[in-house]
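Fold and contact review
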Amino acid sequence: MRLQPLPVPTRVYGGEGIVSYSHRHAARNHSPPGEIETGLRERGIRVRKAHSAAERVDVWRQLGNLHTSAFTAPTKIDGDPVTDRRLCLQCTQGNPAIGRLPRVGLVCLRHKRWLASSPQIDLCAFVAALTAERHFRNHLAARGVLFDSFAMELARACANPVFVGVEEIERRRQQSDIETVDALIYPEQIKFARMVTSPTFLEYVTNPAHLADDRRARITREVTKILPAWDDSESWRVTERIWDVARRLTQLRRESLLWGAPARDAYYNLLRFIGLPDFVIGDDWDDYGTTPSTCRRTHHAVAGNGSSP
Ligand SMILES: [Zn+2]
């Protein structure tokens, strides 16, 4: 049975989730969403309570007269969860809305707004953050890196204002009149995220065949390209942070070679960038050892392409 849309139409915003939409659509029609769903159940229409339940999603698509592509943003990409967050308030004409935008970093490029603060702030006076966002979309999101993934969190830690240089941050603050420090260090954050997900870099610094001193020196070299030696820069601390992760990943690769088993990099989820199989991504780890290797590899490749739930 096809449901009649509610009388007052409500536009769905790009990436908006069903919880956000159902509340807004119900409010514009003067009833809580729970009441509408109870009414439907009383008419014998199945609406499961789980937010992601297919029937529920379908019911709200019909109640809003929405296209079938509404509420289809992925919940997981390459093993990382796609989390809900507040959408750009200018994209939503001031209506608070929540959704999943895996291709977006921390900036709405259309409105030049920083999304990760409350209130969201204008970035027109700090073009470097807009450029950084373009790099995020072209080089990171395109490879499945999410705005809150480990790579981005590590990169933010590396772009700490103390490491970038307090004077430099102060200069940016004065020039742009922006007080949100995370926005001021976004250019360095994106550079570090690109560095720690670069296949060439990762392959070298986590390769058990290379000497530890050489691997560490490579990290130092790359870090100093991003953090020039300002007087108060403490780039050696950044090297330490990345070195710590590199050592652990090297250990995983060493064990993987030793046991002939896939590297299990569930926590960092970085080894996928150098093409090392990680069965955790496809939840196939338990199957390991029971299937011939060629089949395992093929199966993983399929699961990693997003066909797994
Ligand atoms: Zn916007």
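What you see as residue numbers is a count from 1 along each chain, following the sequence as written. pLDDT decides what is reported in this predicted model: residues at 70 or higher carry local features, side-chain atom pairs at 80 or more are listed and counted, and totals for whole chains, interfaces and linings draw on all residues regardless. Only hydrogens and water are set aside when side-chain values are computed; all heavy atoms of the structure are taken into account.

Turning our eyes to something else, we now look at the coordination of the zinc ion. Only Cys-88 (SG), Cys-91 (SG), Cys-108 (SG) and His-111 (ND1) from the protein coordinate the zinc ion, and they sit 2.1 to 2.3 Å from it. What the four donor atoms of the zinc ion show is an angle range of 103 to 116 degrees at the metal, which sorts the shape as tetrahedral. Every donor residue of the zinc ion comes from the same chain, spaced as C-x2-C-x16-C-x2-H. Taken together, the residues span a long stretch of sequence, with Cys-88 in the loop between β3 (85-86) and β4 (98-99) and Cys-108 in strand β5 (residues 107-108) at a distance of 20 residues. On the basis of relative accessibility, which here comes to 3%, the residue Cys-88 falls in the buried class. Only nitrogen, oxygen and sulfur atoms qualify as donors, provided they sit within 2.8 Å of the metal or within 3.2 Å for Na, K and Ca; with water excluded from the atoms, sites may seem incomplete. Think of it this way: with four donors and all angles in the 85 to 135 degree range, the site is tetrahedral; with four or six donors, opposite ones beyond 155 degrees and the rest between 65 and 115, it is square planar or octahedral; otherwise it is irregular. Here a strand is any run of E in DSSP of at least two residues, a helix any run of H or I of at least four, and the numbering for each starts at the N terminus. For the exposure calls, accessible area comes from a 1.4 Å probe over protein chains only, and a residue counts as buried if that area is under 20% of its type's maximum, exposed if over 50%, partly exposed in between.

For any pair of aromatic rings, the description rests on two quantities: the centre-to-centre distance and the angle between the ring planes. Any pair of Phe, Tyr and Trp rings, taking the six-membered ring for Trp, is counted once the centres come within 6.5 Å. Such a pair is stacked with planes under 30 degrees apart, edge-to-face with planes over 60 apart, and tilted for the rest. Throughout the structure, instances matching the rule amount to five aromatic pairs. Judged by centre distance (5.0 Å) and plane angle (80 degrees), the rings of Trp-114 and Tyr-186 are edge-to-face. One end of the pair, Trp-114, is in strand β6 (residues 113-114); the other, Tyr-186, is in helix α9 (residues 186-197), with 72 residues separating them in the sequence. In this pair, the class of Trp-114 matches that of Tyr-186, namely buried. Here Tyr-267 and Tyr-268 contribute two aromatic rings whose centre-to-centre distance is 4.9 Å and whose plane-to-plane angle is 75 degrees, an arrangement assigned as edge-to-face. On the accessibility criterion, Tyr-267 (65% relative accessible area) is exposed. According to the relative accessible area criterion, Tyr-268 is buried, its value standing at 11%. By the ring-pair criterion, three or more aromatic residues cluster together here, those being Phe-150, Tyr-267 and Tyr-268. For a ring to carry a charge above it, either NZ of a lysine or CZ of an arginine must fall within 6 Å of the ring centroid while also lying within 35 degrees of the normal to the ring plane. For the cation-ring pair, Arg-85 lies above Phe-147, with the distance from its terminal atom to the ring centre recorded as 3.8 Å. Taking NZ or CZ as reference, Arg-218 lies 5.1 Å from the ring centre of Tyr-204, over its face.

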